[in-house]
Amino acid sequence: DGGITQSPKYLFRKEGQNVTLSCEQNLNHDAMYWYRQDPGQGLRLIYYSQIVNDFQKGDIAEGYSVSREKKESFPLTVTSAQKNPTAFYLCASSIDMAARGYTFGSGTRLTVV
Amino acid sequence: QKEVEQNSGPLSVPEGAIASLNCTYSDRVSQSFFWYRQYSGKSPELIMSIYSNGDKEDGRFTAQLNKASQYVSLLIRDSQPSDSATYLCAVNVYNNDMRFGAGTRLTVKP
């Protein structure tokens, strides 16, 4: 079955540490997205990519980095520059966002310890 | 003003009743509208999309869109306890610009 796989499901980060969240899709979608969800707030866009080797900053890109070396993969690195990284991170993909919306992965819950 | 606004709830309805969830948006050029259901600790799941004024029905769900009033709603008929979740309204303004509301938490009581 086609879908989006995010790993790990839970991740703990120490102060000053970089961590990478994995996102892999086998839907053959060109566009992929990273969102952050905090309690009581809507999803906020971190980065998106419409094609391999190209990505764009979203509303809250500071302290994050991404790469898109393969169509199937869009990993997100949370760097030590992100001062408040505790949140639920969602990866999504779309073949036609305006018409069909997103397919979401199962999410990664990141906690700073 | 937030771009997409929803009443955070919680909205509580008895089993079998109609649940009505509302969403307003600020950008008049918004083109497509989506409702996602999110169970606690899980990721959002697309349940309805609507693009033109009027009603769109899918099973127990009806989405309603009024572009003049910048208003979109979701009705859930014959509500079941399994419908208890947070419902996110999402609005596509331009391609690759999807804006989400903070969600309305719905509880259906047996």
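Scroll up to find the structure.
The rules we used
- Per chain, the residues get numbers from 1 upward, laid out in the order the sequence is written.
- Chains and ligands are labelled sequentially in the order written, the chains with letters from A and the ligands with numbers from 1.
- Thresholds applied to this predicted model are a pLDDT of at least 70 for local features of residues and 80 or more for the giving and counting of side-chain atom pairs; totals over whole chains, interfaces and linings are not thresholded and use all residues.
- Think of the side-chain values as coming from all heavy atoms in the structure, minus any hydrogens and water.
- Helix and strand labels come from DSSP, where a helix needs a run of H or I of at least four residues and a strand needs a run of E of at least two; each type is numbered from the N terminus.
- For this measure, only C-alpha atoms enter the radius of gyration; the expected value for a globule follows 2.2 Å times N^0.38, where N is the number of residues.
- Only protein chains enter the accessibility calculation, which uses a 1.4 Å probe; a residue whose area is less than 20% of its type maximum is buried, one above 50% is exposed, and one in between is partly exposed.
- Contact criterion: two residues are considered in contact whenever any of their non-hydrogen atoms come within 4.5 Å of each other.
- Residues scored as positive are Lys and Arg, those scored as negative are Asp and Glu, and His as well as the terminal groups of each chain are ignored.
- Charge positions are represented by NZ for Lys, CZ for Arg, CG for Asp and CD for Glu.
- Paired strands are those between which DSSP finds at least two bridges.
- Interaxial angles span 0 to 180 degrees and are taken between N-to-C directions of axes, which are lines fitted to C-alpha atoms, for helices over the stretch in contact.

Q: It is not clear to me how the overall build of chain B should be interpreted in this structure. Could you clarify?
A: For chain B, the helix and strand inventory stands at zero helices and eleven strands. For chain B, the N- to C-terminal ordering of α and β elements is β-β-β-β-β-β-β-β-β-β-β. Since a compact globule built from 110 residues should have a radius of gyration of about 13 Å, the 13 Å found for chain B is in line with a globular shape. Its C-alpha atoms give chain B principal-axis dimensions of roughly 40 × 30 × 20 Å. Across the 110 residues that make up chain B, the buried fraction comes to 47%. Sequence-distant contacts, at least 24 apart, represent 54% of the contacts inside chain B between residues at least 6 apart. In chain B, 11 positive and 11 negative side-chain charges are present, and the distance between their average locations comes to 4 Å.

Q: Honestly, unusual backbone geometry in this entry has me stumped. Any pointers?
A: For residues other than glycine, phi is negative in most cases, and the peptide bonds are mostly trans. Residues A:Ser7 and A:Pro8 are joined by a peptide bond in cis, for which omega reads -10 degrees. Secondary-structure assignment places A:Pro8 in the loop between strand S1 (4-7) and strand S2 (10-13). A positive phi angle is found at A:Asn53, which is not glycine, with a value near 65 degrees. Tracing the backbone through its elements, the reader meets A:Asn53 in the loop between strand S5 (44-51) and strand S6 (54-57). One non-glycine residue, B:Gln70, lies in positive phi territory at about 55 degrees.

Q: I would appreciate a short explanation of the sheet that holds strand S8 (residues 71-76) of chain B in the present structure.
A: Strands in a sheet are paired, the pairing made by backbone hydrogen bonds, and the direction either parallel or antiparallel. All names here are of chain B. Spatially, five strands are ordered S1-S3-S8-S7-S6 in an open sheet, and the strand pairing comes out antiparallel. Looking at which strands have only one partner, the edges of the open sheet turn out to be strand S1 (4-6) and strand S6 (54-58). Across the sheet, the axes of successive neighbouring strands diverge by a mean angle of 20 degrees, strand direction being ignored. In terms of strand pairing, strand S3 (residues 19-25) meets S8 through six bridges, oriented antiparallel.

Q: What's the story with the sheet that holds strand S3 (residues 19-25) of chain A in this structure? I'm lost.
A: All names here are of chain A. What the four strands build is an open sheet, ordered S1-S3-S8-S7; its pairing is antiparallel. Among the strands making up the open sheet, the edge pair consists of S1 and strand S7 (64-66). Across this sheet, the average inter-strand angle for adjacent strands is 20 degrees, counted without regard to direction. Of the pairings in the sheet, the one linking S7 to strand S8 (residues 76-78) comprises three bridges and is antiparallel in character. Note on S8: the bridge partner recorded for serine 65 is threonine 77.

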